[in-house]
Amino acid sequence: GAGVSQTPSNKVTEKGKYVELRCDPISGHTALYWYRQSLGQGPEFLIYFQGTGAADDSGLPNDRFFAVRPEGSVSTLKIQRTERGDSAVYLCASSLRDHRDTQYFGPGTRLTVL
Amino acid sequence: GESVGLHLPTLSVQEGDNSIINCAYSNSASDYFIWYKQESGKGPQFIIDIRSNMDKRQGQRVTVLLNKTVKHLSLQIAATQPGDSAVYFCAERLYSGGGADGLTFGKGTHLIIQP
C-alpha cells in the first residue's frame, strides 16, 4: 500500500512569509508526527497527533509553528513569519495506533527560507 | 540534556564485509529503541527495533544488540551490499508518560560501502 506522502517536496519562501506543509499518513494510521531535520542532524520531534488532537506539542520551537489534523487523517504544519533558521527538511511520520507503534516516515518537505 | 548519540560519524567497509554501527544512549527511562536508514533525499526507513526487555533481535541480514548496563546499542549488518550505503540513525523512546511522545534521534553514522 501507499506510504506516507508529503507535499510539496520542496518549498522556497522569503523571510517573513507564511507556509503550509502537508502530510498524508498511511491509510488507517491513527497517530501522526512531525519532525524537523537540519543538515547533518537527526530528526527532532515537533508534535504528535492522536486522531484529531495534538497529544504532545512539546517539540514546537515557538508560537510561529502550528499544526492541525481536523479530520484525523491529513495534517498541515503551518509556519508564520518564517525565518532563515526555519530552513530544514520537515518530516512526517505515522503509526498504527499510538506512539508505542513503529513510526513510518514520509520523504519530507525541504523548506528553504531566503 | 540526555540524548542519544553515536560514536562515529562515518564508517567505511568493504562490500561483503560485516558492519557494526554503535550508539550510546543516556536516558535509562527509555524502553524502546529503533534503527532507521536514511538515503540521500529520502525519509528515514525503519530497519529493526528492540524493546528494553530484550538484549538481541535479528532480522534479515541485521541484528540489533542492546546492553542496558552500559547503555549501548549496536546495529550489525551482515555481508554489506552497495545498497546499504546510507546514514543510519538510532532512536529511543522514553517510557510512556515519562516525557515527550516523539522519538529522540542521534546524529547518525554515514555508512560507506567500498567496492
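Our structure's up above, just so we're on the same page.
So, here is what we can say about the structure in this document. Computed from a predicted model, the values in this text were never measured in an experiment. Numbering of residues starts from 1 in every chain and runs along the sequence as written. Lettering for chains starts from A, numbering for ligands starts from 1, and both go in the order in which the items are written. For a predicted model such as this one, the threshold for reporting local features is a pLDDT of at least 70, and the threshold for listing and counting side-chain atom pairs is 80 or more; totals across whole chains, interfaces and linings nevertheless cover every residue. Only hydrogens and water are set aside when side-chain values are computed; all heavy atoms of the structure are taken into account.

Digging into the interface of chain A and chain B
Turning to step 1, where the next piece is worked out: Throughout, a contact is declared for two residues whenever any of their heavy atoms are within 4.5 Å. Taken residue by residue, the interface counts 22 residues in chain A and 21 residues in chain B.
Turning to step 2, where the next piece is worked out: Note on definitions: buried area is the accessible-area loss of two parts on being combined, 1.4 Å probe, summed for both. Across the interface of chain A and chain B, roughly 1,600 Å² is buried in total on both sides, 53% from carbon and sulfur atoms.
Turning to step 3, where the next piece is worked out: The term salt bridge refers to a pairing of a side-chain nitrogen on Lys or Arg with a carboxyl oxygen on Asp or Glu at a separation within 4 Å. For the pair chain A and chain B, the number of links is zero salt bridges.
Turning to step 4, where the next piece is worked out: Polar contacts, as used here, are pairs of N or O atoms within 3.5 Å; protein pairs need one atom able to donate a hydrogen and one able to accept it. Residues neighboring in sequence count only if both atoms are side-chain atoms. Across the chain A-chain B interface, the total number found is six residue pairs in polar contact (both at pLDDT 80 or more).
Turning to step 5, where the next piece is worked out: Counting residues per element, the ones that place at least two in the side of chain A that touches chain B are β4 (31-37), β5 (44-50), β6 (53-56) and β10 (104-105) of chain A.
Turning to step 6, where the next piece is worked out: In terms of residues, the side of chain A that touches chain B owes the most to one element, β4 of chain A, which gives three residues.
Turning to step 7, where the next piece is worked out: For this scheme, ten residues count as nonpolar: Ala, Val, Leu, Ile, Met, Phe, Trp, Tyr, Cys and Pro. Four count as charged, namely Asp, Glu, Lys and Arg, and the remainder, Gly too, count as polar. Residue composition of the side of chain A that touches chain B, by class: 10 nonpolar, nine polar and three charged. Runs of E in the DSSP output that reach at least two residues are strands. Runs of H or I that reach at least four are helices, and both are numbered from the N terminus.

A few points about the state of the cysteines
Turning to step 1, where the next piece is worked out: Put simply, a disulfide is two cysteine sulfurs that come within 2.5 Å. Under the criterion given, the structure shown has two disulfides over all chains.
Turning to step 2, where the next piece is worked out: Each sulfur of the disulfide joining Cys23 of chain A and Cys92 of chain A lies 1.9 Å from the other. For the disulfide bridge between Cys23 of chain A and Cys92 of chain A, the dihedral angle about the S-S bond is near -65°, and by the sign convention the bridge is left-handed. Placement of Cys23 of chain A in strand β3 (residues 19-24) and of Cys92 of chain A in strand β9 (residues 88-95) is noted, with a sequence separation of 69 residues between them. Across the pair, exposure class does not vary: Cys23 of chain A and Cys92 of chain A are buried alike.
Turning to step 3, where the next piece is worked out: Across a sulfur-sulfur distance of 1.8 Å, Cys23 of chain B and Cys90 of chain B are joined as a disulfide pair. One quick way to see it: the torsion about the S-S bond of Cys23 of chain B and Cys90 of chain B is about 55°, and its sign makes the bridge right-handed. Here Cys90 of chain B lies in strand β9 (residues 86-94) and Cys23 of chain B lies in strand β3 (residues 19-25), a separation of 67 residues in the sequence. Cys90 of chain B shares its class with Cys23 of chain B; the two are buried. Any residue under 20% of the maximum accessible area for its type is buried, any over 50% is exposed, and the rest in between are partly exposed; the area is computed with a 1.4 Å probe on protein chains only.

A look at the pattern of salt bridges
Residues and elements named next belong to chain A.
Turning to step 1, where the next piece is worked out: Scanning all chains against the criterion turns up nine salt bridges over all chains.
Turning to step 2, where the next piece is worked out: When the shortest N-O distance is used, the salt bridge between Arg64 and Glu83 registers 3.5 Å. Here Glu83 lies in the loop between β8 (75-79) and β9 and Arg64 lies in the loop between β6 and β7 (65-68), a separation of 19 residues in the sequence.
Turning to step 3, where the next piece is worked out: We classify Arg64 as buried; its relative accessible area is 6%.
Turning to step 4, where the next piece is worked out: For Glu83, a relative accessible area of 39% gives the class partly exposed.
Turning to step 5, where the next piece is worked out: Close ionic contact of Arg97 with Asp101 constitutes a salt bridge, the shortest N to O distance being 2.8 Å.
Turning to step 6, where the next piece is worked out: Assessed through its relative accessible area of 13%, Asp101 is described here as buried.
Turning to step 7, where the next piece is worked out: Several salt bridges converge on common partners, so that one network encompasses Arg64, Glu83 and Asp86.

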